[in-house]
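# Structure at a glance
Listed below are the residues making up each chain.
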Amino acid sequence: MTVTIHPGQAAGTLPAIPSKSAAHRLLICAALADQPTTLACPQSSQDIDATAACLTALGADIQREAAGFHVTPVARAAAPKECLLPCGESGSTLRFLLPVAGALGVRASFLLQGRLGQRPMEPLVGQLQAQGCRIEQTPERLTISGQLQPGQFTLPGDVSSQFISGLLLALPLLGAESRLSVTGTVESAGYIDMTLRALAAFGLTPAQEGWHFTLPPQGFHSPGAAPVEGDWSNAAPWLCMGVLAGAGVALTGLDPDSLQGDRGVCQVLDAMGGGIRWAGGTVQASPAPLHPVEIDARNIPDLVPVLAATAALIPGETRILHAARLRLKESDRLATTAQTLNALGGQVRETEDGLVIQGKPSLPGGQVDAQGDHRIAMAAAVASAGCTGSVTVTGAQAVEKSYPGFWRDLEALGRQVQLGDSPA
């Protein structure tokens, strides 16, 4: 699909979509619980649906309803001995459910799409193998078998917080106490805290001392119903557009005290001089004179494409640091962010672990390829807020991974959006 965004300004109010990060965690907890759970999640996405499909393959019954999901948990005694788990391109789904499948003692083959098979799985795989599991991997499939055994698990904190979350979700299922130690610098710590909050909602409270966790065997106890909070990652493009031009953009349904790391978009935009304020549960982003800043992306890697697009429209030099992990996402996001913004007339240079952006008052526009990456498609939309000409995005369907209604919502903010088929 191609999308052409014509010049114009975004203005208006949108409800935040449900958080993909929260939905993954709550779906898994609900599927492992003692009673059914209803999750309030009125919108879904390819990644959320992948987690639901994989949990269904593991033996849960997950029904999609207008208001969210109704989850009947896995009956442990009747769980399948062997199953295929279609996790698409969802790294969270794979990294969370791989140790869960090991804890359930299921031979599970995860079907991998896109670049997922190239994304790092060590040291999680090594820890699972050391504790009784066998793992085989090809570019299209990762298979785990054997019974995960309780014991001591150790992971570095600077590779992926998803490895840590996966073990936190799995280890309570084992028959004896386990310990998980996280060493070194812990990046994306807020997402580990999100996992702990989801566990607490289902009655599990691992003992914690620093980054050392003790996890006795515990059951997941359903609260009956649970809400999925609003998504800061997918609110970020709208807030970036709001500070660039127009009458401002407002988002409802976001928690100002959320544990999501990408809540940091407000802090970065505020540091740039953008008008960010809260009023009655709504966050408002308004245009203001902006200036370049240095951005530490260690805890906000998913924000880099849209923040880079914003910086491309702020005269002066912006530097983005500590973002090397982005080279192993749905695309090499440092490369594709630079390519996208340069194709629109920007001046962006890659470094080993980040980007250097020489901002301009406006860009001419042009055509870009989303390269299969939802964040790159959204970055192009943000950049279009400061383009004097149209911006055409090929492969625009990439947004369906996290935000299927993105282009519709862009139109709702007053932008003229033309949809068409991708060229053959």
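Heads up: the structure comes first, above all this text.
These numbers were taken from a predicted model, which means no experiment stands behind them. (Residues numbered from 1 in each chain as written. Predicted model: local features only at pLDDT ≥ 70, side-chain atom pairs only at ≥ 80, totals over all residues. Heavy atoms only, no water.)

### Looking at the pairing of strand β10 (residues 152–156)
- The two faces of β10 differ: Phe153 and Leu155 on one face are buried, but Gln152, Thr154 and Pro156 on the other face are not.
- Summarising the sheet, β10 and strand β11 (residues 178–183) pair through five bridges and their orientation is parallel. By the bridge assignment for β11, Pro156 is matched with Thr183. (Buried < 20%, exposed > 50% of the residue type's maximum accessible area, 1.4 Å probe, protein only. Helix = DSSP H or I, 4+ residues; strand = E, 2+ residues; numbered from the N terminus. Pairing = 2+ DSSP bridges.)

### What about the environment of Pro36?
- Tracing the chain through its elements places Pro36 in the loop between α1 (20–31) and β3 (37–40).
- Residue classification places Pro36 among the partly exposed residues on the basis of a relative accessible area of 34%.
- With 246 residues separating them in the primary sequence, Pro36 and Thr282 have C-alpha atoms 32 Å apart.
- When neighbours within four sequence positions are excluded, Pro36 is seen to be in contact with His70, Val71, Thr72, Pro73, Ser222 and Gly224. (Contact = heavy atoms within 4.5 Å.)

### Points about the packing of aromatic side chains
- Overall, the coordinates contain six aromatic pairs when judged by the stated rule.
- With centroids separated by 6.0 Å and ring planes inclined at 90°, the aromatic side chains of Trp238 and Tyr403 adopt a geometry described as edge-to-face. Of the two residues, Trp238 sits in helix α7 (residues 232–244) while Tyr403 sits in the loop between β23 (391–394) and α12 (406–412), which places them 165 residues apart along the sequence.
- For the pair Trp238 and Phe406, a centre-to-centre distance of 4.6 Å together with 20° between the ring planes defines the contact as stacked. With Trp238 in helix α7 and Phe406 in helix α12, this pair connects stretches of sequence that are 168 residues apart.
- Residue Trp238 is classed as buried on the basis of its relative accessible area, which comes to 1%.
- One aromatic cluster is present, formed by Trp238, Tyr403, Phe406 and Trp407 through successive ring pairs.
- Between the NZ or CZ atom of Arg64 and the centre of the ring of Phe69, over which it lies, the distance is 4.5 Å. (Phe/Tyr/Trp six-rings, centres within 6.5 Å; stacked < 30°, edge-to-face > 60°. Lys NZ or Arg CZ within 6 Å of the ring centre and 35° of its normal.)

### A short note on the layout of surface pockets
- Estimated volume of the largest pocket: approximately 590 Å³.
- Lining the largest pocket we find 33 residues, and of these Arg95, Arg119, Gln162, Asp302 and Lys329 sit closest to its centre.
- Secondary structure elements with two or more residues in the lining of the largest pocket: α1, α3 (91–104), α5 (161–170), α7 and α11 (374–384).
- Of the residues belonging to the lining of the largest pocket, the class tally is six nonpolar, 12 polar and 15 charged.
- In this structure, the second largest pocket spans a volume of roughly 320 Å³.
- Gly261, Gly264, Gln267, Asn299 and Ile300 are the residues nearest the centre of the second largest pocket, which is lined by 18 residues in total.
- The set of elements that each furnish at least two residues to the lining of the second largest pocket consists of α6 (189–201), α8 (265–271) and β18 (294–296).
- Among the residues making up the lining of the second largest pocket, the classes are represented as eight nonpolar, seven polar and three charged. (1 Å grid on protein atoms, 1.4 Å probe; cavity = no way out; pocket = protein on both sides within 12 Å on 5 of 7 lines; lining within 4 Å. Points joined across faces, edges and corners; volume = space filled by probe spheres on them. Nonpolar A, V, L, I, M, F, W, Y, C, P; charged D, E, K, R; others polar.)

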